[in-house]
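Coordinate analysis (summary)
The residues making up each chain are set out below.
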Amino acid sequence: MKKEIPLFIVFITGLFMAVQFFVPHAKSEWVYEYMLDWTIIIGVFALALGIWSFVRVATNKIRRKSENWQYSIVALAGLFGMIIFGLGFWGGVESYMFRNFFNFVMVPLHATMFSLLAFFIASAAFRAFRAHSLLASVLLLSAIIIMIRFNPFLGPLSEPIDSLASWILNFPNMAAKRAIVIGIGLGMVATALKVILGIERTYLGGD
Amino acid sequence: MRKSTMIVTLVVVLLFIASWIFKTMTAPEVDSTFDALTQGFLVTFAAFLTLAIMSFLYQDNPFYKFAEHLYVGVSAAYAMTLGFWSTLVGNLFPRVSETLCGWFQVEFSGQHDWQFLIPPILGILLLMRLSPKGGWISRWALAFIVGTTAGLNLPRFLRSDFIEQISGTFLPLLVDWEGFGHFFSNLSLSASGQFVAILSNFVIVSGVICGLIYFFFSKEHKGAFGSASRYGIWILMITFGASFGYTVMGRISLLVGRLTFLMDDWLGIISG
Amino acid sequence: MRMKLFLFVLLALFMTAVVVAQEDTEIDSVVTVSPPAPVANLVGVDTPNDNGHSISLSWELSPDDATLGGTVTKYVIMRSESADGPFIVRDTVAAGMTKKADNGVKEIEAEDYFARNTDFYYKLVALAGDLKSESEVFGPVRGVGQWFNTGKWSVVAAVGLFTLVTLFFIRRAKSGAKLYIRPLAGIDAVDEAIGRATEMGKPILYVLGLGTASDIATIASFTILSRVAKKVAEYQTSILVPCYDPIVMTIAQETVKTSYYDAGRPDAYNEDDVFFVTNQQFAYVGAVNGLMIREKPATNFYLGKFYAESLIMAETGSASGAIQIAGTDEVTQIPFFVVACDYTLIGEELYAASAYLGREPVLLGTLKGQDYGKAMVIASILIGIGAALVGWTGYVDLFYVGP
């Protein structure tokens, strides 16, 4: 029974949501919207599980004095500081401390991590330039043509390269993306089908 | 602790304090000394975290570890707090309980929506994982989420990713055929000549078909089938290159924009 | 003196001209004072294939419509619950339009609520400046929700056909028929990658991406994780799974635990190895980067849904010297993985990977089903090209999907 009931729930909810796509009636829309709302609410409960795992791993590290355990204290301090100020009944997310945590810790860290992307993309471009196979060279050549066309320093250069770049983006690019997307569509449908029919049940774990 | 580490730490601490003092003295529009001190600290702290993250590009170091752990802790709690206020207090409580609405000072919707008792029940079932014996019952909630979304994806992807893409590939391979003379009259890729129109349609059709052939799993890629598959992977690689080049240039444009701002607007070096 | 007289005469002439001109315009406006002709044949029907909160209206233009050279610039759609009114304004459309749906929302408390299964009466008011004329009242008409969207027949057919093909091949595979599958470099490398980690005594890092349990890519990744974790347990090495989504973490814990049980080493499973980090994109990346630099995993798997962070992780992993195997269905991120990783599973290959690793007949059967799906796609494209050549539009219509 431990496995049958979940599989039954998957089958019923999956079948309902699949059929709902073809039923425009307001009643079916209502149930659809309810179910989406429900998954969001369940998600919030799941966050508690996440926080639990977080605290568990951090405290275990501190207790066992494993490498870099000191930083786990920082992580826990950040976590509990934010929770206390955020959930506290003296203002919640509008409170002075919560806003400061957000504006002076989260925002700059987020912006900086995002800006690192520019550096990593430079190193990735460098890596691409050391193409070591025929296929990698094809990728590189196409990348170079597009980069020449869209370089921010000089703007468009010569007519043949510009038109070749536009043509690559409009035609071979479109064809390959279409092939990938059709393949993905089939794969997704197959996987969804396996899940609904209970063939794919890894996510339920063992007994 | 190594001597170099101590020196670096000392320098960082001194710089931090110097910046704190400077930012406190130059803090705009504050009512009290305490406010100025707080403002000075917060701005300096934000700058410190920024540099700490940047330092990862050189190598892993204690400052990065500090910033990283703080970031992770704060952001995990942020998501939880936001979920609590916007989803539970904002969406769930007004539909199920007048008492809870009173506690959190939100408006009650006026009627008890019994349907909204189900998600908290499933949520609590999910939390049963934390008890050593109740783990199995948490799967009911997982089953609900996975089933719902699998069903959601099944027909919807067949529509957007599949049928519409197929019908978009029904292209005429002989566009307004008027003989070979007309066909070869304009060969430039940017021109709207017949050669280009036919070539482009041919590339799309053959690209889609051979791209799909590349994704065949249960047939050996040999002979004509293998050639088609190789042509498919070539088209895929051209696309990946194009997409890569395009993104690289997009990001570099952003960087150039920031540098131009620094040089021009701030330091006045470029145009003056 | 003469000059004065001249100016006086000029002024007098001018005044006369102005008065005459004014009289002219007065006469003109008297001519057009009759209201414009109303629209004719106003008809309302229940909007097909909808939730019932809408009525589709159509009419014939007023002969005085601006697009026909007349003075009517717009029409006002009015609705009432009885033929005698009172009528309320529902919408305004520009001259030249001959149809419009009167839509509303289903939420009864909303301002734009539109009652289902309720009789309504409509009239259209043609406006020409301040002048207007009303059409005859049409009604009653009611909005009814449909239980099947006839615009989606093509999707029903596709789902049905694909399900049948897949079930057929699963049946065949179960009955013992041998199915060939071609080698996939990324999959063949999995064993080698785990072996390498064992030799080096380093852990394996498995990143499930930013997807939630609802993303098919993540579900496919769970299956691969279960195979990888089983091998990890057999080889007696360790696996780290930092998670972005708490539900994904829960499922990943179940998956890895089961794999350890299946491999006969339940004691080796450590729940702290599959852990939640945070569900903020860049904080997650920061933590995973730190993990890669500090734990120096021998092999990194990135399988699932990835966005802008793909490159940051793959580049850091590559710099740390790990073997990297990636796979995603996020088309924009595939190029970065191709460049920075040793092996990349492109799109559909990610979904196929679980069948490859498991070699269970049922999974292989669905793979065969997918291939037949692709063959059908190719065939229908070829027919479509033929249809385009001979101008057979009926074939293209078969692929129409309604809203």
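Bear in mind that the values here come from a model prediction, so they are computed numbers and not experimental data.

1. Notes on the overall build of chain B
Secondary structure assignment for chain B yields nine helices and zero strands. Restricting to contacts in chain B with at least 6 residues of sequence separation, those with at least 24 account for 20%. Here chain B displays about 13900 Å² of accessible surface, and carbon together with sulfur accounts for 68% of that area.

2. A look at the interface of chain B and chain C
On the side of chain C, 64 residues touch chain B, which itself brings 53 residues to the contact. Between chain B and chain C the total buried area reaches about 5200 Å² when both faces are included, carbon and sulfur atoms providing 74% of it. Counting every contact that joins chain B to chain C gives four salt bridges. A salt bridge links Glu254(C) to Arg139(B); its shortest N-O distance comes to 3.4 Å.

3. Regarding the interface of chain A and chain B
Between chain A and chain B, the contact holds 116 residues from the first and 111 residues from the second. Here chain A meets chain B over a buried area of about 10500 Å², counting both sides, of which 83% is carbon and sulfur. Our enumeration of links across chain A and chain B arrives at one salt bridge. The tally of links from chain A across to chain B stands at 15 residue pairs in polar contact (both at pLDDT 80 or more). For the side of chain A that touches chain B, the element with the most residues is helix H4 (residues 96–128) of chain A, which contributes 24 residues.

4. Topic: the environment of Ala326(C)
All names here are of chain C. Residue placement: Ala 326 occurs in strand E13 (residues 323–328). Sequence separation between Ala 326 and Ile 378 is 52 residues, and the spatial gap between their C-alpha atoms is 28 Å. Not counting chain neighbours up to four residues away, the residues in contact with Ala 326 comprise Tyr 302, Leu 303, Phe 337, Cys 341, Tyr 343, Thr 344 and Leu 345.

5. Section: the nonpolar core
Grouped together as the largest cluster of nonpolar side chains are 227 residues, with contacts concentrated most on Tyr206(C) and Ile239(C). Leu57(C), Tyr75(C), Val93(C) and Val141(C) belong to the second largest nonpolar core, which has 17 residues in total.

6. Regarding the sheet that holds strand E5 (residues 99–103) of chain C
Residue and element names in this part refer to chain C. The three strands lie next to each other as E1-E2-E5, forming an open sheet whose pairing is antiparallel. On the outer flanks of this sheet lie strand E1 (40–46) and E5, each paired with one strand and no other. Across this sheet, the average inter-strand angle for adjacent strands is 20 degrees, counted without regard to direction. When E1 meets strand E2 (residues 54–60), the two strands line up antiparallel, connected through five bridges. Bridge assignment links Asp 46 to a residue of E2, and that residue is Ile 55.

7. Observations concerning the sheet that holds strand E14 (residues 343–346) of chain C
Backbone-to-backbone hydrogen bonds join strands into a sheet, with any given pair of strands oriented parallel or antiparallel. All names here are of chain C. Across the sheet, which stays open at both edges, the six strands sit in the order E11-E10-E9-E12-E13-E14 with parallel pairing between neighbours. Every interior strand has two partners, whereas the edge strands, strand E11 (274–276) and E14, have only one. On average, each strand axis in the sheet is inclined to that of its neighbour by 15 degrees, with strand direction left out of account. Sheet topology places strand E9 (residues 204–209) next to strand E12 (residues 299–305); five bridges connect them, and they run parallel. Each residue of the ladder has a partner; that of Gly 209, found in E12, is Lys 305.

8. Things to note about the domain arrangement of chain C
Partitioning chain C into domains gives domain 1 (40–141) and domain 2 (179–359). Taking only C-alpha atoms into account, the centre of domain 1 of chain C sits 58 Å from that of domain 2 of chain C.

9. With respect to the packing of helix H2 (residues 33–54) of chain B against helix H3 (residues 62–96) of chain B
All names here are of chain B. Running from N to C, H2 and H3 point in directions that differ by 115 degrees, and their axes come no closer than 8 Å. It follows from the interaxial angle that H2 and H3 lie roughly perpendicular. When the axes of H2 and H3 are compared, the crossing they make is left-handed. Every residue of H3 that contacts H2 at Phe 45, Phe 48, Leu 49, Ala 52 and Ile 53 is listed here: Phe 63, Tyr 64, Phe 66, Ala 67 and Leu 70.

10. Considering unusual backbone geometry
Although it is not a glycine, Asn68(A) sits at a positive phi angle of roughly 60 degrees. Mapped onto the elements of the fold, Asn68(A) is located in the loop between helix H2 (26–64) and helix H3 (69–87). The phi angle at Gln236(C) is positive, at roughly 60 degrees, despite the residue not being glycine. With respect to the helices and strands, the residue Gln236(C) is situated in the loop between helix H4 (216–235) and strand E10 (239–243).

11. Considering helix H5 (residues 246–262) of chain C
All names here are of chain C. Counted at 1.5 Å a residue, the expected span for H5 with its 17 residues is 24 Å, and the 24 Å between its end C-alpha atoms agrees. Within H5, 14 of the 17 residues are buried, which leaves it mostly tucked inside the rest of the structure. One side-chain oxygen at the N-terminal end of H5 lies 2.9 Å from the backbone nitrogen of Ile 247; it belongs to Asp 245. Gly 264 sits one or two positions beyond H5 and adopts a positive phi of about 80 degrees.

Basis of the calculations
- Residues numbered from 1 in each chain as written.
- Chains lettered and ligands numbered in written order.
- Predicted model: local features only at pLDDT ≥ 70, side-chain atom pairs only at ≥ 80, totals over all residues.
- Heavy atoms only, no water.
- Helix = DSSP H or I, 4+ residues; strand = E, 2+ residues; numbered from the N terminus.
- Contact = heavy atoms within 4.5 Å.
- Areas by Shrake-Rupley, 256 points an atom, 1.4 Å probe, with all protein chains shown as cover.
- Buried area = accessible area lost by both parts, 1.4 Å probe.
- Salt bridge = Lys/Arg side-chain N within 4 Å of Asp/Glu carboxyl O.
- Polar contact = N/O pair within 3.5 Å; in protein donor to acceptor, adjacent residues only side chain to side chain.
- Core = buried A, V, L, I, M, F, W, Y, C linked by side-chain atoms within 4.5 Å.
- Buried < 20%, exposed > 50% of the residue type's maximum accessible area, 1.4 Å probe, protein only.
- Pairing = 2+ DSSP bridges.
- Axes fitted to C-alpha atoms, helices over the stretch in contact; angles between N-to-C directions.
- Domains from an automatic or database assignment.
- Parallel < 35°, antiparallel > 145°, perpendicular 65-115°, else oblique.
- Left-handed = near helix turned anticlockwise from the far one by under 90°.
- Expected span 1.5 Å × (residues − 1).

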